[in-house]
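One letter stands for each residue in the lines below.
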Amino acid sequence: MIQIQHLYKTFETKDGKVEALKDINITVEDGDIYGIIGMSGAGKSTLVRCINMIERPTSGTVVIDGVDMSELSEKELRNIRRKVTMIFQSFNLLMQRTCLRNVCFPLELAGVKPDEAKKRALELLETVGLPDKANAYPAQLSGGQQQRVAIARALATNPKILLCDEATSALDPKTTNQILDLIREINRKMGITVIVITHQMSVVENICNKVSIIDYGVVQETGLVTDIFADPKSEAGRRLVFPDEKSGELEVPEDRICISLSFNSAESTDAPLIATLAMEKGVAANIMAARTKTVGGKEYGKMLISVPDDGKSVDTVLEYLSDAKGIKAEVVDLDKAREEAEEETEEEVMSDDE
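Residues numbered from 1 in each chain as written. Predicted model: local features only at pLDDT ≥ 70, side-chain atom pairs only at ≥ 80, totals over all residues. Heavy atoms only, no water.

Trainee: Looking at this structure, I do not really get empty space enclosed by the protein. What am I missing?
Mentor: One water molecule sets the probe size; rolling that probe over the atoms shows where empty space is left. Counted under the stated rule, the structure contains two cavities of 30 Å³ or more. Empty space within the largest cavity amounts to approximately 50 Å³. Lining the largest cavity are Cys164, Glu166, Ala167, Thr168, Leu180, Ile183, Val196, Ile197, Thr198 and Val203. For the lining of the largest cavity, the secondary-structure elements that each account for two or more residues are helix H6 (173-190) and strand E8 (193-198). Among the elements that make up the lining of the largest cavity, the one with the highest residue count is E8 (three residues). Classifying every residue of the lining of the largest cavity gives seven nonpolar, two polar and one charged. Here the second largest cavity is characterised by a volume of approximately 40 Å³. What lines the second largest cavity is Gly38, Met39, Ile213, Ile214, Asp215, Ala236, Arg239 and Leu240. Looking at the lining of the second largest cavity, the elements with two or more residues in it are strand E9 (210-215) and helix H9 (235-241). (1 Å grid on protein atoms, 1.4 Å probe; cavity = no way out; pocket = protein on both sides within 12 Å on 5 of 7 lines; lining within 4 Å. Points joined across faces, edges and corners; volume = space filled by probe spheres on them. Helix = DSSP H or I, 4+ residues; strand = E, 2+ residues; numbered from the N terminus. Nonpolar A, V, L, I, M, F, W, Y, C, P; charged D, E, K, R; others polar.)

Here it is, written out as structure tokens:
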């Protein structure tokens, strides 16, 4: 288990102090694939480097399996880092070494005998699907293959935790999916806890079971990926999950009312929801905005619809959906949404001015 408690990180710059992380509190259970997501500059990469103490926090604690990392000496940290390994966006392979010797490298540092190190490295190259690349050099490999070698190297010391810092950001979508599938398989077969740092919600949706959304150095929201994808509570979460949705900008005729539908593990059917409402209940509903996704036969996401303000349509829709598993429906206060949108815009302008 990883417990991050009241963690702060401040950097000294020529322009003064910069608070990169502010009161971070996160718990990662054994076996999780835990996502930490945020836009560029949010503080997520600083956070992951604080976990293995590459960056020392200004204050707060990182406790791994009951051990407070901040209390360890550099020698003790080097030993711990064999169990808390890391892969990076840029792969960080040693270009003058073959793939085999790259994977052997951490074993050499750990004092493993050459024959044993070679045997272990060959097994890991097999695990990541590159048994034929043992004698190739990184420059001869594609980006995806280089990342596979980096993963094999990270697994060499039998770690309990794998930290992935934007590990797929430099890869094309197809290769990204292959690497994520590999990480998922490693998590399942080896029981390794994985922390994924990313700015891509698609990566979190694909592989993670839990997520923390970080913005301006603060954790804005934490929970199950399915819950947050279905109904993000924070503004940062809504920007990431529904980047095209701006309820404050929606224009709804005065004779209609807006209803928000949140889908969280809702049963996916061939019958369109809005068409079914119209046919079965006679409600003339219009789709104003929608972002949903089917995962494993379940629907996740959000939809905004408008219905006539006739004194019965809203009640009909809410009653119709009350028994629907995985769907939450509620009336949207557009005036409030517009006020919040205006406040957010003012905050962004003030932040830019600063």
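Trainee: How should I be thinking about unusual backbone geometry in this particular structure?
Mentor: Unusually for a residue other than glycine, asparagine 92 sits at a positive phi of about 60°. Looking at the element boundaries, asparagine 92 is found in the loop between strand E6 (84-88) and helix H3 (99-109). Exposure remark for asparagine 92: the relative accessible area of 37% places this residue in the partly exposed category. A positive phi angle is found at tyrosine 216, which is not glycine, with a value near 50°. Here tyrosine 216 is to be found in the loop between E9 and strand E10 (218-224). (Buried < 20%, exposed > 50% of the residue type's maximum accessible area, 1.4 Å probe, protein only.)

Trainee: Whenever I open this one, the sheet that holds strand E1 (residues 2-13) confuses me. Can you help?
Mentor: One key point about sheets: their strands pair by backbone hydrogen bonds, in either a parallel or an antiparallel sense. With respect to topology, four strands assemble into an open sheet ordered E2-E1-E4-E5, the strand pairing being antiparallel. The outermost strands of the open sheet, each flanked by one partner alone, are strand E2 (16-28) and strand E5 (67-68). (Pairing = 2+ DSSP bridges.)

Trainee: What is the right way to look at the environment of valine 62 in this model?
Mentor: Assignment of secondary structure puts valine 62 in strand E4 (residues 59-64). Valine 62 sits in the buried class, given a relative accessible area of 1%. When the C-alpha atoms of valine 62 and glutamine 3 are compared, they prove to be 5.8 Å apart, with 59 residues separating the residues in sequence. The residues touching valine 62, leaving out its near neighbours within four places in the chain, are Gln3, Ile4, Leu7, Cys50, Ile51, Met53, Val67, Asp68 and Met69. (Contact = heavy atoms within 4.5 Å.)

Trainee: Please explain the confidence of the model for the protein as it appears in this structure.
Mentor: With 88% of its residues at a pLDDT of 70 or more, the protein has an overall mean of 86. When mean pLDDT is compared element by element in the protein, helix H4 (residues 114-127) scores highest at 96, while helix H12 (residues 334-353) scores lowest at 52. With pLDDT under 50 throughout, residues 348-354 is counted as low confidence; its partners more than four residues away or in other chains account for one contact. (pLDDT = per-residue confidence, 0-100.)

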